[in-house]
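Tertiary structure, described
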Amino acid sequence: MKDHIASGASSPYCAQPYHRVAVIGAGSWGTALAVTLARAGGETRLYGRDPAVIDEINANATTEGFLPGVSLPENLLGVKDMALALEGAEAILIVVPSSSVRSVARQVSAHAPEGVPIAVCAKGIEPETGLLMTQVAEEELGDHPMGCVSGPTFALETAMGHPTAATVAFPFSYEDRLKLDESPAVRLAVSLSTESFRAYVSDDLVGVEVGGAVKNIIAIACGLMTGAGFAENTRAALITCGLDEMKALAEALGGRRETVTGLSGIGDLALTCSSSTSRNMALGQQLGQGLRRADCFDGKPVVVEGELNAKSVTDLARRLNLVLPICETVRSILHDGADVGHAFAHLWALPIEAELRAMDVSFDHPATDQDIATLAERIS
């Protein structure tokens, strides 16, 4: 992030934004992205499945169920028909839960203009296949430049115009590098950038996507320990060690460890692990307070991405012979019936290791079974 604010230095490139962008998915984040695109000046069409939501957007320029108190721009059009939403689109954003990406991408493939870039704005790894979200979409959509938008972004704050930054990631072809201002990543970043929304560009699609998938699981871990009554020391340790798990998985899949130190990694991790605005953090807090899963969120069927991905991420890691201790601990609690206290007490008593990967050090932790049981009781 080489910004030269003091010197006023300018770039030699001047990329053109996309004139018309289609956003598929009229939930909180999809609508917030559509608002951002429209505020940047583009003609924006937002497709949603719920006719009542689309009617409210077009009649009142509001969507109180998703972005309360936000006035939507005039150039944001809600659309009930996917073919109409995609007609003439120069770029497409798919903004749906990770479990819906494959089915929605299949629907998009029937109407998407040939060769237009598509950004998948869902975070996760598909169960069974172990594919990242852009890989899932690519299987259904075929020959389109495929990328993602990811970063530390709560939807309501973004839509309210709070200063926000995110990463737009696409693979860069040889031609893209010769003509940066014509590349999908740069043009979409320019299309999203407003006085309050700042987009950065990355060519490490794997690294960016892994950060988005794993951070939700670490946020559940932070919520669990917060709900159990622990505070800043514990959360800082989980964030730091969780970041290392993100780096390890990104590197194993061909991404770069340095990418995970950016907005889509540590940025998103810090945000999600620090506020109950995150459904992942909120789920962990409620479980850490002793609520049954069925009673969380007042019994409402709230989709929590980290809950789904605790299993898919660890399944993939096991196939790669990677050990992700925090992710495994969360999985054991959410999917294997493990007790919160015992699971975390055993996590803290794992063999002591060097912090630096270059040091090959591991030796037994001195905690006794009684010590572990005592900590488990405190957590529970």
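First, a word on what this report is: a plain description of the structure on this page. (Residues numbered from 1 in each chain as written. Predicted model: local features only at pLDDT ≥ 70, side-chain atom pairs only at ≥ 80, totals over all residues. Heavy atoms only, no water.)

Let us now look at the overall build of the protein chain. Looking only at helices and strands, the protein chain features 16 helices and 10 strands. Structurally, the protein chain occupies a C-alpha span of about 65 × 45 × 45 Å along its principal axes. Counting every position in the protein chain, which comprises 380 residues, the buried fraction comes to 52%. In the protein chain, once contacts between residues fewer than 6 apart in sequence are set aside, the share between residues at least 24 apart is 70%. Of the roughly 17700 Å² that the protein chain leaves accessible, carbon and sulfur atoms contribute 51%. Distance between charge centres in the protein chain, computed from 28 positive and 47 negative side chains, equals 1 Å. (Helix = DSSP H or I, 4+ residues; strand = E, 2+ residues; numbered from the N terminus. Buried < 20%, exposed > 50% of the residue type's maximum accessible area, 1.4 Å probe, protein only. Contact = heavy atoms within 4.5 Å. Areas by Shrake-Rupley, 256 points an atom, 1.4 Å probe, with all protein chains shown as cover. Lys, Arg positive; Asp, Glu negative; His and termini not counted. Charge placed at Lys NZ, Arg CZ, Asp CG, Glu CD.)

This part takes up the packing of helix α10 (residues 232–252) against helix α15 (residues 340–348). Taken N-terminus to C-terminus, the directions of α10 and α15 make an angle of 70°; their axes are 13 Å apart at the nearest point. With respect to their mutual orientation, α10 and α15 come out roughly perpendicular. Taken as a pair, α10 and α15 cross one another with a handedness that is left-handed. Contact with α10, carried on its side by Thr 234, Ala 237 and Leu 238, involves Phe 344, Leu 347 and Trp 348 of α15 and no other residues of that element. The residue inventory of the contact of α10 with α15, partitioned by class, reads five nonpolar, one polar and no charged. (Axes fitted to C-alpha atoms, helices over the stretch in contact; angles between N-to-C directions. Parallel < 35°, antiparallel > 145°, perpendicular 65-115°, else oblique. Left-handed = near helix turned anticlockwise from the far one by under 90°. Nonpolar A, V, L, I, M, F, W, Y, C, P; charged D, E, K, R; others polar.)

One open sheet holds the eight strands; their spatial order is β3-β2-β1-β4-β5-β6-β7-β8, and the pairing between them is mixed. Edge strands, defined here as strands with exactly one partner in the open sheet, are β3 (76–79) and β8 (197–202). This sheet shows a mean twist of 25° between the axes of neighbouring strands, independent of strand direction. In this structure, strand β4 (residues 91–94) lies alongside strand β5 (residues 118–120), joined through three bridges in parallel fashion. Within the sheet, the bridge partner assigned to Leu 93 lies in β5 and is Ala 119. (Pairing = 2+ DSSP bridges.)

Moving on, we get to the nonpolar core. Across soluble globular proteins, you tend to see nonpolar side chains buried next to one another. Ranked by internal contacts, the top residues of the largest apolar core, which has 47 residues, are Val 214, Leu 238, Val 313 and Phe 344. When contributions to this core are tallied by element, the ones reaching two or more residues are α9 (205–227), α10, α12 (279–288), α13 (305–319), α14 (325–335) and α15. Ranked by the residues each element gives to this core, the list is headed by α9, at 12 residues. Leu 93, Ala 119, Val 149 and Val 168 belong to the second-largest nonpolar core, a separate cluster that totals 37 residues. (Core = buried A, V, L, I, M, F, W, Y, C linked by side-chain atoms within 4.5 Å.)

On to a nonpolar patch on the surface. Where nonpolar side chains cluster on the molecular surface, the patch consists of Leu 356, Met 359, Val 361 and Phe 363 and spans about 380 Å² of accessible area. Summarising the element assignment, Val 361 is placed in the loop between β9 (352–353) and β10 (362–363). For Val 361, a relative accessible area of 31% corresponds to the partly exposed category. (Patch = residues over 30% accessible without salt bridge, like charges linked within 9 Å, V, L, I, M, F, W, Y side chains within 5 Å. Salt bridge = Lys/Arg side-chain N within 4 Å of Asp/Glu carboxyl O.)

Buried residues of helix α11 (residues 263–272): Leu 263, Ser 264, Gly 265, Asp 268, Leu 269 and Thr 272, and no others. Residues of α11 that are buried in the fold lie against β6 (146–150), β7 (164–169), β8, α9, α10 and α12.

Turning next to the pattern of salt bridges. Following the criterion strictly, the structure yields 19 salt bridges and no others. Ionic pairing is found between Arg 106 and Glu 140, a salt bridge with its closest N-O pair at 3.0 Å. Placement of the pair is Arg 106 in helix α4 (residues 101–109) and Glu 140 in helix α5 (residues 133–141), with a sequence separation of 34 residues. On the basis of relative accessibility, which here comes to 43%, the residue Arg 106 falls in the partly exposed class. A salt bridge links Asp 244 to Arg 257; the nearest nitrogen and oxygen atoms lie 3.3 Å apart. Of the two residues, Asp 244 sits in helix α10 while Arg 257 sits in the loop between α10 and α11, which places them 13 residues apart along the sequence. Through salt bridges with shared partners, a single network forms among Arg 102, Arg 106, Glu 126, Glu 139 and Glu 140.

Our next topic: the side chain of Ser 264. Position of Ser 264 among the secondary structure elements: in helix α11. When neighbours within four sequence positions are excluded, Ser 264 is seen to be in contact with Ser 150, Gly 151, Thr 167, Val 208, Gly 211, Gly 212 and Thr 259.

To continue, consider unusual backbone geometry. The backbone of Asp 298 sits at a positive phi, close to 55°, despite the residue not being glycine. Along the chain, Asp 298 falls in the loop between α12 and α13. Not every positive phi belongs to a glycine, and Asn 321 is a case in point at roughly 60°. Of note, Asn 321 is situated in the loop between α13 and α14. For Asn 321, a relative accessible area of 72% puts it in the exposed group.

Take Cys 222: it is sitting in helix α9. The exposure class assigned to Cys 222 is buried, which follows from its relative accessible area of 1%. For the pair Cys 222 and Gly 288, spaced 66 residues apart in sequence, the C-alpha separation works out to 9.5 Å. Residues within four places of Cys 222 in sequence aside, it is in contact with Arg 235, Leu 238, Ile 239, Cys 273 and Met 281.

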